[in-house]
Structure formats: C-alpha cells, structure tokens
Amino acid sequence: MKKYVAAIDQGTTSTRFMIFDHSGNVIAVSQKEHRQIYPKPGWVEHDPLEIWERTQEVMSGALEKVGSDQLTVVSEIAAIGVTNQRETTVVWDRNTGQPIYNAIVWQDTRTDAICSELAKNGGQDRFREKTGLPLATYFSGPKIKWILDHVNGARAKAEKGEALFGNIDSWLIWNLTGEHVTDVTNASRTMLMNLRTLDWDDEILGLLDIPRAMLPQIKSSSEVYGYVGAGSPRPNWGEVLSPLQGIPVSGDLGDQQAALFGQTCYSTGEAKNTYGTGCFMLMNTGKNPVPSKAGLLTTLAYKIGEQRAVYALEGSVAIAGALIQWLRDNLGLIQSSAEVEALASSVEDNGGIYIVPAFSGLYAPYWKSDARGVIAGLTRYVNKGHIARAALEATAYQTCEILHAMEKDSGVKLTSLKVDGGMVFDELLMQFQSDILDVPVVRPKVAETTALGAAYAAGLAVGFWNDYDELCANWGRDKEWIPKMSSTLREGLYSGWKKAVTRTFDWAE
C-alpha cells in the first residue's frame, strides 16, 4: 500500500498542490496566485496557459518542500485528484493546445444578453427542470456560445471538431493526460447536462448552437481518467512533472462538491459552507434531485465509480473573500487580507452600515445579474473599522439567506454548520456567523477540505481508501462557535440587511 494521495486545487485566485497521508494529514503544500483580468466592466477573465504554468509550478514546489525525500514521496503517491473553480470556461485548439480565447470566469456577466434572449421563451426557469439551474450568466453554456459567436474562427473550428471546451478540470486533465473528460459535478454546472440522464442534453445544445463534438466525455467523480504524461498533448511538458509520470489521475470534483466530500457530508441532510472568493453552501439531498422553489440550485454532489449519483441543493454567493480583496486592492483600507479582522475588531458594531457586494449581480436566492453593490446607512460617524466589519458581516448575512432557503426547500432544519475555506480562521466572522444563523458553526482540523475531497475521490478509485467509514474516521473537530446574540438583536440586524439588499434592485431599475 502506498502512503500518499495528492490533489490539484485550482481556484479562482490561486492554484495549490497538496499531498495527504492516509489519515488526511497535509504532508506538503505549494500555492501560487494568478492574474485577474478585467477587460470591461462586468468582464472577468483568466489566462488558461498561466493557470497551467502555475499548476506545474505548485506541483514542483510541493515536491521540493519534502526535501531529500522527494523521490521517495513521489514513489509513494497512489493517485492525483483535481478540483477546480466551476463554470469558468475554456475553449482551446485540439491540435495546438492553444486557448482560442481567455478563460471566461464564473463571475463574468457578459452573457446577460444571451440569457435574456433565451428567457423570452419560457422565462428564467426555462431549463431548470432538466438542469436544476436558472438561466444566468454564472454557468458555462452561455459562455461557450459567446466565444463561438464572438471569436473569429471559433465556430468553424468547433464544427470541425478542432475546438474543445472544458471547465478548468477538463483543461488540466487534458494537459496532464491527453484525455478530454469531465465529471458529473462539473458537467452539472454548464447548464447543458440533464440531471437524470447525466448526459449532455441535445435540445439545449441545439438552442445554444453548441456542437456536441467539442464537449468532454462525462465520467464519475472517482475513476482513473488517465496517467500523467501518457498521451499528453504537450511533448515539452518536461522536467517539472516528469517525476510524477505514470501516476493515475483518478478524482475530479468541482470545488464546492469537493469540499462537501472532504467534509464527509455523506448522509442526506448534511451540509457545509465554504468561504472563499465566493461563498457556497451545499446540502446532501440523497440519490434523487430535489427541485428548488426558493431560488437555490439543484446540482450533483458526487458520483463514486459505478455507484448511483448523489445530488445536492446549493446556494451560491458571488462575493465573499473577494470583498476583502476589494478593500485591500481598490480602497487600500488594509495592506493584506489578514488585517481585516483586527480593523473590524476596532469597533463594537457596524456603525449602522451594510455592504451588499453585488459586484457581479446577486446569486441565490435572487438571481438578479443586473443588480449592483451598495453601501447603505452611511453617516458621518462611520469610519474604516465600520466598513471592515460590515464587509465581514456581508458574508454572514448572505449565508443566512441561503440557509433559510435551504431549510425551506429541504424541510430539514440544520442543527449545526460545517465550515471550511480561508475565511474560517477569522474568529470575528465565525462568531458573527453563528450568532446570525443561531446555530453552532464547526471548523474541522483540515480547513482546506476542497483539496482533501479531491484526494479522497482519487484515493477511493485506486483502493487507497476502501469506503466512506475510513474517510469519516479522518474528520476531526478543530473549533466550534456557539450563538451568543439575543433574538431581538439578531432579528433587527437581519431586517436591516434585507432592507439594504433591496437598494441593489433600485440601481438595476
């Protein structure tokens, strides 16, 4: 039995490579950021080649951190999993491996006109019964159509089978192994996959005028897709990855589903919330899709090998950690994201202000792509500490809205919330989250469960772990926050938030 499993965690702002042992402990990690490209208001892009370069660099970097034992560690890696920012869309040339346009990021709103046109016949929920998703700029399908319609020569290549589409998982697996595949969780975020057949839907493909030949083969979340370097389309991928040649790539999950899997939410009704660039709550709903009437998404949770697929309800918040980055990069209120907690703690409350960060519109439960952000309740009394505190609280309020919708759809009242992601080390935020939800908030020992979930899926595929019981045994509680706020204060604060949200609608009108 080999000792380790590794995972590529390719996120919205950075890429990581992590190596785990059988108990889920982190052996080595390397992380690098990549550029955020904003060509026009509402447009967000990444350079796919830069992401591929960063992926190679962090794989090499993690191996360097194990020092003189590098060759021994590599020889003991049983498999590699991949997890990724979902919906971010890449189209590339099958022959050259060159992207024909930058990756269009999930936050991008340029496809609003495409979605509005599709909604003229059947409304925003036109495809919801089949896909579990509303018509929204968030998803990959309209992004593919935009590239085919606006990039010179793209459609001709696609119709000849010379252009390939993938979310970032497909892009990385293709570069690593030469295989053009995706898994059910990523496919369920394209607005092109039928939730019940787990296959691309020909009717929707026809309506969006997307050739089926450019789409990856849909696989389970845990099986061997290929081997590093075997059939790689890049003969010069070279020395950086050569020590890993021949290792199976055998796990693939969209980042939020990977976090659900890493949090061991394997029973119906279990839920987690991930605090990253955005904020995403998922609840396991079992082996049948649950339609949402409260503005949530019905999506795939995971599919392990030949087992039946498991579904989830999801609430998506576009801007969470990205709001803290905005305070740093655009306003200069802080020098690093880590400083926000101290600044927010310099005041006793939010000074009466609310920040609704609808930079990319509002996602669940509103789905208003034309909404825009506001700071409501400003007075001369407000200082930068209040702004920092309101920025943290915005994440908690948005999560609260998702939780209420999830309880309404599922009929299950959560008794606690498992949390993960970079923001869960902010004590002020986590206590306020518990207070405003009125439920305990629990952080696991391994807070970066996204990479761990991808590692778990990869390890299950090759027998490194045998079953869910082994994975559950790895989960451990690091810290728990208990609600302390009075119901009167909670209700008053939340009422203020709901009022502030309506101000974003006024802007759109």
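In this report, we go over the structure that sits alongside the text.

Along the chain, Val-66 falls in the loop between helix 1 (48-65) and helix 2 (70-75). On the accessibility criterion, Val-66 (16% relative accessible area) is buried. Val-66 sits 39 residues away from Ile-27 along the chain, and the two C-alpha atoms are 7.9 Å apart. Residues contacting Val-66, with those up to four places away along its chain left out, are Ile-27, Ala-28 and Val-73.

At a closest axis distance of 11 Å, the pairing of helix 1 and helix 7 (residues 168-177) adopts a crossing angle of 60 degrees. The handedness of the crossing between helix 1 and helix 7 comes out as right-handed. When helix 1 is examined against helix 7, the residues Pro-48, Leu-49, Ile-51, Trp-52, Thr-55 and Met-59 are found in contact with a partner set consisting of Ile-168, Trp-171, Leu-172, Asn-175 and Leu-176. For the contact of helix 1 with helix 7, the per-class residue count stands at nine nonpolar, two polar and no charged.

Attention shifts here to a nonpolar patch on the surface. The grouping of Val-224, Tyr-227 and Val-462 at the surface amounts to a nonpolar patch, some 220 Å² of accessible area in total. Mapped onto the fold, Tyr-227 is located in strand 13 (residues 222-227).

Here we take up the packing of aromatic side chains. Scanning all chains against the criterion turns up 26 aromatic pairs. Ring centres of Tyr-354 and Tyr-397 lie 5.6 Å apart, and the angle between their planes is 50 degrees; this geometry places the pair in the tilted category. Pair noted here: Tyr-354 is in strand 19 (residues 354-356) and Tyr-397 is in helix 14 (residues 384-410), with a separation of 43 residues, a long-range link. Each member of the pair, Tyr-354 as well as Tyr-397, is classed as buried. Each residue in the set Trp-106, Tyr-138, Phe-139, Phe-280, Tyr-363 and Trp-367 is aromatic and connected to the rest through ring pairs, giving one cluster. Over the ring of Trp-43 we find Arg-110, and its NZ or CZ is 3.7 Å from the ring centre.

Here we come to the nonpolar core. One finds Tyr-138, Leu-192, Ile-210, Met-214, Leu-215, Phe-261 and Tyr-275 to be the most contacted residues of the largest nonpolar core, which totals 142 residues. No other element matches helix 14, which puts 13 residues into this core. Those residues in contact with Leu-192, other than ones at most four positions away along the chain, are Gly-141, Ile-144, Asp-199, Trp-200, Asp-201, Ile-204, Leu-205, Leu-208, Ile-210 and Leu-215. One finds Ile-8, Leu-164, Trp-171 and Ile-173 within the second-largest nonpolar core, a separate group that totals 34 residues.

The mixed open sheet is built from seven strands, whose spatial order is 17-18-16-15-21-22-23. A single partner strand is all that each edge strand has here, and the edge strands are strand 17 (297-302) and strand 23 (477-481). Sheet twist, expressed as the mean angle between neighbouring strand axes with direction ignored, is 30 degrees. Where strand 22 (residues 441-444) meets strand 23, four bridges bridge the pair, whose relative direction is antiparallel. Residue pairing for strand 23: Val-442 is matched across the bridge by Glu-480.

Attention now goes to the layout of surface pockets. What the largest pocket holds in volume is close to 930 Å³. It is helix 12 (residues 321-329) that provides the largest number of residues to the lining of the largest pocket, a total of four residues. Tallied by class, the residues present in the lining of the largest pocket amount to ten nonpolar, 18 polar and ten charged. Each pocket or cavity is described by its volume, and for the second largest pocket that value is around 520 Å³. Along its surface, the second largest pocket is lined by 23 residues, and Gln-36, Tyr-38, Gln-107, Ala-322 and Gln-325 are the ones closest to its centre. Residue contributions to the lining of the second largest pocket peak at five residues, all from helix 12. Here the residues of the lining of the second largest pocket are counted per class, giving eight nonpolar, eleven polar and four charged.

Criteria and thresholds
- Residues numbered from 1 in each chain as written.
- Predicted model: local features only at pLDDT ≥ 70, side-chain atom pairs only at ≥ 80, totals over all residues.
- Heavy atoms only, no water.
- Helix = DSSP H or I, 4+ residues; strand = E, 2+ residues; numbered from the N terminus.
- Buried < 20%, exposed > 50% of the residue type's maximum accessible area, 1.4 Å probe, protein only.
- Contact = heavy atoms within 4.5 Å.
- Axes fitted to C-alpha atoms, helices over the stretch in contact; angles between N-to-C directions.
- Left-handed = near helix turned anticlockwise from the far one by under 90°.
- Nonpolar A, V, L, I, M, F, W, Y, C, P; charged D, E, K, R; others polar.
- Patch = residues over 30% accessible without salt bridge, like charges linked within 9 Å, V, L, I, M, F, W, Y side chains within 5 Å.
- Areas by Shrake-Rupley, 256 points an atom, 1.4 Å probe, with all protein chains shown as cover.
- Salt bridge = Lys/Arg side-chain N within 4 Å of Asp/Glu carboxyl O.
- Phe/Tyr/Trp six-rings, centres within 6.5 Å; stacked < 30°, edge-to-face > 60°.
- Lys NZ or Arg CZ within 6 Å of the ring centre and 35° of its normal.
- Core = buried A, V, L, I, M, F, W, Y, C linked by side-chain atoms within 4.5 Å.
- Pairing = 2+ DSSP bridges.
- 1 Å grid on protein atoms, 1.4 Å probe; cavity = no way out; pocket = protein on both sides within 12 Å on 5 of 7 lines; lining within 4 Å.
- Points joined across faces, edges and corners; volume = space filled by probe spheres on them.

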